[in-house]
Amino acid sequence: MRRATRASWTACVVCAALAATGCGSDSGDGGGSSGDGGDDIVTAQWGDPQNPLEPANVNEVQGGKVLKLITRGLVVYDPETAEPQNMLAESIESDDQQNWTVKVKKGHRFSNGEPVTSKSFVDAWNYAANIKNQQVNSSFFRYIDGYDEVHPTDAGAQPSAQKLSGLKVVDDRTFTVKLSQKLSIWPDTLGYPAFAPLPQAFFDNHDAYLDKPIGNGPYKIDSYSKGSSMKLVRNEKYKGDDKPQNDGIELKVYTDQNTAYTDLQAGNLDVSDELPAGQLANAESDLGDRFINQEAGIIQTLAFPLYDKGWGGDDKADLRRGVSMAIDREAITEQIYNDTRIPAKDWTSPVIGEKGGFDDTICGDLCEYDPKQARKLIEDAGGFPGGRLTISSNVDTGSHKEWMDAVCNSINKTLDKENACVVNPVGTFADFRSQVVDREFTGPFRSGWQMDYPLIENFLAPTYYTGASSNDGEYSNKKFDDLVDQANAAEDTAAAVEKYKDAERLLAEDVPAIPLWYQNGIAGHSDRVSDVMLDPFSVPNYPAIRVD
Amino acid sequence: MGRYVIRRLLQMIPVFIGTTFLIFFMVYALGDPVAAMFGDRAPDPATAAQIRRDLNLDKPLWQQYVLYMGNIFTGDFGRAFNGQPVLDLMRNAWPITVRLALLAVLFEMVIGVALGVVSGLRRGRAVDTGVLFVTLVVISVPTFVTGYVLQYLLGVKWGWVKPAVSSEAPWNELVLPAVVLALVSLAYTTRLTRTSVAENARADYVRTAVAKGLPRRRITVRHLLRNSLIPVVTFLGIDIGNLMGGAIVTERIFNIQGVGYQLWQGVLRQNAPTVVGFVTVLVIVYLLANLLVDVLYAVLDPRIRYA
């Protein structure tokens, strides 16, 4: 699958180049107007970020786009292969997988001239972990020793320390990190933007920073008009290998995906990474090889409320299995999503690669459509609790209503009943999440996972470990927890991945959630630009974009 | 007249307090916004509690309302959840929406009233029938259809205008959105004016004016139109408020980051400070527009006096 994607990629670039030369004069008029002021500025679709633009406070893709442009951490993930590589880190070493020594590379600077030192990291991480600063991503620092002191779990508790005791600055370029447990994959998690360094200016004048964030990435913010656009220009002080191939990026807020698509067609927008679902069928013919449909680290699953008597318990595993086998994933992904989603075969994502733990045999029969067997399993288990299956999801984005209807159709057809499965659409994401957190659902609900870093750990530990932050169905299996613990303490990544896969196999037995499909990254670009691709997080790889 | 205006202004205070409380209550009823801030991750209770405390979400509703109103009177509209002061958002959004609404009202007044007078004076003839038919069509087509169709034709197919408005939203780029926004109301204005003019054209004072030998133009503008405008002014006054708050469909189609967009975003994120702040200003706009209409009655028709 991977190879095929890459091959079509090269083809894409070639075609785009041909198209550009073929109708160069024509496209020049349309595109030229959007690059007002700059020379080779790329305009890209954006949405208003949900949280303040602090590295540890951004957990959604719109704010993430900005962080990706203006910050770089110790580690980056290769935009093509998702493999973690050292970026600002010269080395991250440990003898016991618990006490780590980090050496920072020399000569990197923030866009305001400050050098990036070990202190830039330690200060940033202390800020992120401290509960007083209310950073939504502070849980990413939970493995560092002293986290419980700066971030007590009880509501209303005050921190008993202001700094993480596990972080120590040795000299300008070295710091040590003591973790509270062994964690062999820890260095590989450091590419997540929350681990980015912060300049002293962040602490000296916080309001000014929020007004116009300062970072050490390939771009710096030129101007930011809140709620409508952000102009970024090349950061001349950037020393990384992925220097921008364009002069800058203009992020434009679009209130409606359809408008962005219209603007893309009219040549006023260069890169759109959110095509409206209704246009997917036309997009391929409208855009031709300027349409991008690429694997991304997103999986959609249907989680069962194991806290509910009707669905929890070992004796209900066959019932849950029956639901999974009653869903015709192939038909749904093809008809509703035009093959921009791929039927899932495990609980991770193909982007992490087989070396990273992706294995399309783990789900096995459970993910195959088998109406006869499904009906038998459900009927033997005494049917659905209360005689009815209710699927819940928010419906404000992602065509969730459509697939829920289709899944219910598939289940009803399997059971040959009219209303065995019904849909419970929830108006907004905010409302949906509140109901999930308060454990209000008594039937399966949508559970989407967009990876934070491309490791199998990120797909399993936060969602299925006992008491983990996204374990919304309250799945708990001692064996699963033990395997994850063993994996974390493993000597190297390869050994860890094997243990994780063993843990994942337990999911196929217990069925706490059923994999539905892997969600691809979808994008389109104008004929004014080339070399547009999405990284494994389905964010455009902006620095590589060329303006023709 | 002065006393009347003061009395009306004083009456606005309870209306203002009542509406803002209703809005506050409704946004609150949408549920707890904190869970959504953490995305697909469960919020850790300590951070969530801290955020709730900072936003006063842990206090009873009436106390939140009192605290919020207290802040408003000192000019502090609070912050959206992404840290942007609501006042900043308003400073960006209101001028754009006001420009859009002004253009739209201008179209309604000039084109709507002119068409109405023409067809009202030629009642039953071809022009009149044509206007009636066209306005009927316009009224029955939803705004988003006209919006998308005009955007596609003028913006993409023929390339006369940019399909989306840039973030500065200058006047010239707002012309097409304003036409789309105004179309339905324009049709209503035309029909209202037409009926009113047609009725008054047979009134005694018009016959007197004609008998006096006044020029036709003066009869139409000074006597006929002035007396026929009262229902139209009522409609336009209420419409100003509608155009500002209800421009959300048009604003989304043409990617205008105005009041409608901010409100929509605020509701989606259950962001009480944004929604209540914007609606509060909208309420003021409605109240003032209504007052303006009432005062205009007296100007148009000397028989109406306010003591």
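Thresholds applied
Residues numbered from 1 in each chain as written. Chains lettered and ligands numbered in written order. Predicted model: local features only at pLDDT ≥ 70, side-chain atom pairs only at ≥ 80, totals over all residues. Heavy atoms only, no water. Pairing = 2+ DSSP bridges. Helix = DSSP H or I, 4+ residues; strand = E, 2+ residues; numbered from the N terminus. Contact = heavy atoms within 4.5 Å. Buried area = accessible area lost by both parts, 1.4 Å probe. Salt bridge = Lys/Arg side-chain N within 4 Å of Asp/Glu carboxyl O. Polar contact = N/O pair within 3.5 Å; in protein donor to acceptor, adjacent residues only side chain to side chain. Nonpolar A, V, L, I, M, F, W, Y, C, P; charged D, E, K, R; others polar. Core = buried A, V, L, I, M, F, W, Y, C linked by side-chain atoms within 4.5 Å. Buried < 20%, exposed > 50% of the residue type's maximum accessible area, 1.4 Å probe, protein only.

1. What about the pairing of strand S9 (residues 229-234) of chain A?
All names here are of chain A.
Next, step 1: As paired strands, strand S8 (residues 219-225) and S9 are joined by 6 bridges and run antiparallel to one another. Opposite Tyr219, over in S9, you have Arg234 as the bridge partner.
Next, step 2: Between S8 and S9, which follow one another and run antiparallel, lie 3 residues, and Gly227 among them has a positive phi close to 80°.
Next, step 3: Of the pairings in the sheet, the one linking S9 to strand S10 (residues 248-253) comprises 5 bridges and is antiparallel in character.

2. Details of the interface of chain B and chain A
Next, step 1: Contacts between the two partners involve 46 residues from chain B and, on the opposite side, 54 residues from chain A.
Next, step 2: Counting each side, the surface lost to burial between chain B and chain A is near 4300 Å², with a carbon and sulfur contribution of 49%.
Next, step 3: Our count for the contact surface shared by chain B and chain A stands at 1 salt bridge.
Next, step 4: The salt bridge partner of B:Arg252 is A:Asp256, with a shortest N-O separation of 3.6 Å.
Next, step 5: Remark: the boundary between chain B and chain A carries 13 residue pairs in polar contact (both at pLDDT 80 or more).
Next, step 6: Of all elements in the fold, only helix H2 (34-37), helix H3 (45-54), helix H7 (143-157), helix H11 (248-253) and helix H12 (259-268) of chain B reach the threshold of two or more residues within the side of chain B that touches chain A.
Next, step 7: Counting residues per element, the side of chain B that touches chain A draws most heavily on H3(B), at 8 residues.
Next, step 8: For the side of chain B that touches chain A, a count of residues per class yields 22 nonpolar, 14 polar and 10 charged.

3. Regarding the environment of A:Ala281
Next, step 1: Considering the arrangement of structural elements, one finds A:Ala281 in helix H10 (residues 280-287).
Next, step 2: For the pair formed by A:Ala281 and A:Ile336, sequence separation is 55 residues and the distance between their alpha carbons is 9.3 Å.

4. Brief notes about the nonpolar core
Next, step 1: A:Leu74, A:Trp125, A:Phe141, A:Val177, A:Leu251, A:Phe384 and A:Ile411 are the most contacted members of the largest nonpolar core, which has 144 residues in total.
Next, step 2: Beyond its immediate sequence surroundings of up to four residues, A:Ile411 is in contact with A:Val323, A:Ala326, A:Ile327, A:Phe384, A:Leu389 and A:Cys421.
Next, step 3: Of all hydrophobic cores here, the second largest spans 51 residues; its members include B:Leu89, B:Val105, B:Leu243 and B:Leu282.

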